[in-house]
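The chain contents come next:
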Amino acid sequence: MISKLINEIKKKNAPIVVGLDPQLGFLPKKLMKAGIREYGKSLEAVAAAVFEFNKAIIDATCDLIPAVKPQVAMYEQFGVSGLVAFRETVEYAKSKGLIVIGDIKRGDIGSTSGAYAVGHIGTIQVEGETFAPFDEDMVTVNPYLGSDGVKPFIQVCNENDRGIFVLVKTSNPSSGEFQDREIDGRPLYELVGEQVAAWGEESMDGDYSNVGAVVGATYPEQGRVLRKLMPKTYILVPGYGAQGGQGKDLVDFFNEDGLGAIINSSRGIIAAYTKSEYAKFGEEHFADASRQAVVDMLDDIRGALGSK
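Owing to the predicted nature of the structure, the values given are computational and were not obtained by experimental measurement.

Basis of the calculations
Within each chain, residue numbers correspond to sequence positions counted from 1 in written order. In keeping with the model being predicted, local features are shown solely for residues with a pLDDT of at least 70 and side-chain atom pairs are shown and tallied solely at 80 or more, while totals for entire chains, interfaces and linings include all residues. Side-chain figures throughout are based on the complete set of non-hydrogen atoms in the structure, without hydrogens or water. Salt bridges are defined as contacts in which a side-chain nitrogen from Lys or Arg sits within 4 Å of a carboxyl oxygen from Asp or Glu. Helix and strand assignments come from DSSP, with helices taken as H or I runs of at least 4 residues and strands as E runs of at least 2, each series counted from the N terminus. Relative accessibility decides the category of a residue: with a 1.4 Å probe and only protein chains considered, values under 20% of the type maximum give buried, values over 50% give exposed, and everything between is partly exposed. Site definitions follow a grid-based scheme: protein atoms alone, a 1 Å grid, a 1.4 Å probe that fits but cannot get out for cavities, and for pockets an open set with protein on both sides within 12 Å along at least five of seven lines, plus lining residues having an atom within 4 Å of a point. Grid points are joined across faces, edges and corners, and a volume is the space filled by probe spheres set on the points. For this classification, Asp, Glu, Lys and Arg are treated as charged, while Ala, Val, Leu, Ile, Met, Phe, Trp, Tyr, Cys and Pro are nonpolar and the rest, including Gly, are polar. Strands pair, by our definition, only if DSSP identifies at least two bridges between them. All axes are obtained by fitting lines to C-alpha atoms, using only the stretch in contact for helices, and the reported angles, taken between N-to-C directions, cover 0 to 180 degrees. Here, nonpolar core refers to any group of buried Ala, Val, Leu, Ile, Met, Phe, Trp, Tyr and Cys residues whose side-chain atoms link them within 4.5 Å. Only heavy atoms enter the contact rule, under which two residues are in contact if any of them lie within 4.5 Å. Working rule for angles: under 35 degrees goes down as roughly parallel, over 145 as roughly antiparallel, 65 to 115 as roughly perpendicular, anything else as oblique. Here a crossing is taken to be left-handed if its near helix is turned anticlockwise relative to the far helix by less than a right angle, and right-handed if that turn runs clockwise.

A. Looking closely at the pattern of salt bridges. With the rule as written, the count across this model stands at 21 salt bridges. K30 is the salt-bridge partner of E284, the closest N and O atoms lying 3.4 Å from each other. Pair noted here: E284 is in the loop between α11 (267-270) and α12 (286-306) and K30 is in helix α2 (residues 29-39), with a separation of 254 residues, a long-range link. Of the residues examined, K30 reaches a relative accessible area of 37% and is grouped as partly exposed.

Below, the structure written as structure tokens:
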């Protein structure tokens, strides 16, 4: 699967992914009104608005980007209807030729971890028929429970040509409470990074592994270290834009081949119309504002990589 993502990144010269993380405050009034007209004041109305919101942003940006990353919690908050919108979003994005990275951050042990893997990136047999429940191409995985929690995902990746990104050094301010703790004189995130590289050898796909890593844009120095520890590991980099990451901070997340990392922006893209620099688009043209935000992000990152 990682080779498919790399091909799309090369084709569009766009090492970025748009995070589809809808919140009530981001939804334009016209979409909410349309949902309420059809379903009344209900979670079904919200879910309908969410899907229309996502569709518009996908339509406006799909020619520029290789992938989208829906965060499942933003859909789960709306209950079963929200999960239906999540599945519809995955299907629609794939129909537009995009790779879908499900931001699910799952991690458990044994059969439970296997069930998460099957549900999101695997298939299940029912009376001789095969079904792909959520059908993302790749997902994020929490490694805190150790190999028991990760290897079921790797098995499903190998069986279905899918991929994972394992949390190594996350972008949130308190990540260091555990991830920076030293063990035998080294921070935990380095030890996790080395283990991710080892797991990756079990699922190689060309020069890179289907087992990637999540390393936050807000920690460029740690990213520089981890890049060297995981040369064959693709790095998903959250934290661009809204959390403070900029293109100039991210060049060392990439390898010398110009590959090895994909940068995520969520709020900075999907809620661009609410920001002063894109106010000219207005709420009516929210998707056009998102497209312009993608163009600006690409200019920033391409410029930074060009000066590397």
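B. Highlighting the layout of surface pockets. One number sums up the size of the second largest pocket: a volume of about 330 Å³. In terms of lining residues, the second largest pocket is bounded by 15 residues, among which N142, P143, Y144, L167 and V192 are the most central. Where the lining of the second largest pocket is concerned, the elements lending two or more residues are β7 (163-169), α8 (176-179) and α9 (188-200). It is α9 that provides the largest number of residues to the lining of the second largest pocket, a total of five residues. Residues of the lining of the second largest pocket, tallied by class, amount to nine nonpolar, six polar and no charged.

C. Examining the sheet that holds strand β13 (residues 235-237) more closely. In spatial order, the strands read β1-β2-β3-β6-β7-β12-β13-β14; together these eight strands close into a barrel with parallel pairing. Neighbour-to-neighbour, the strand axes of this sheet turn through a mean angle of 30°, independent of strand direction. Of the pairings in the sheet, the one linking strand β12 (residues 211-215) to β13 comprises two bridges and is parallel in character. Residue pairing for β13: A213 is matched across the bridge by I235.

D. Highlighting the nonpolar core. If you look at the biggest cluster of nonpolar residues, it comprises 77 residues, and the most contacted ones within it are I164 and V196. Per-element accounting of this core gives the leading share, nine residues, to helix α3 (residues 43-61). For V196, the contacting residues outside a window of four places in its chain are V166, V168, V211, G212, A213, M230 and T233. Core analysis: the next-biggest nonpolar cluster, separate from the first, contains 18 residues, I2, I6, I99 and L236 among them.

E. A look at the pairing of strand β1 (residues 16-20). For β1, the buried fraction is high: five of the five residues fall into the buried class. Judged by which residues are buried, β1 turns out to be covered on both faces: I16, V18 and L20 on one side and V17 and G19 on the other are all buried. Where β1 meets strand β14 (residues 261-265), three bridges bridge the pair, whose relative direction is parallel. Opposite V18, over in β14, you have S265 as the bridge partner. As defined by bridge partners, β1 adjoins strand β2 (residues 67-70) across four bridges and the pair is classed as parallel. Each bridged residue has a counterpart across the sheet, and for V18 the counterpart in β2 is V68.

F. Fine view of the packing of α2 against α3. At a minimum axis separation of 8 Å, α2 and α3 run at an interaxial angle of 135°. Regarding the angle of α2 to α3, the classification is oblique. Handedness of the α2/α3 crossing: right-handed. Where α2 approaches α3, its residues L31, M32, G35, I36 and Y39 are matched on the opposing element by E44, A45, V46, A48, A49, E52 and F53. Of the residues that constitute the contact of α2 with α3, the class distribution is nine nonpolar, one polar and two charged.

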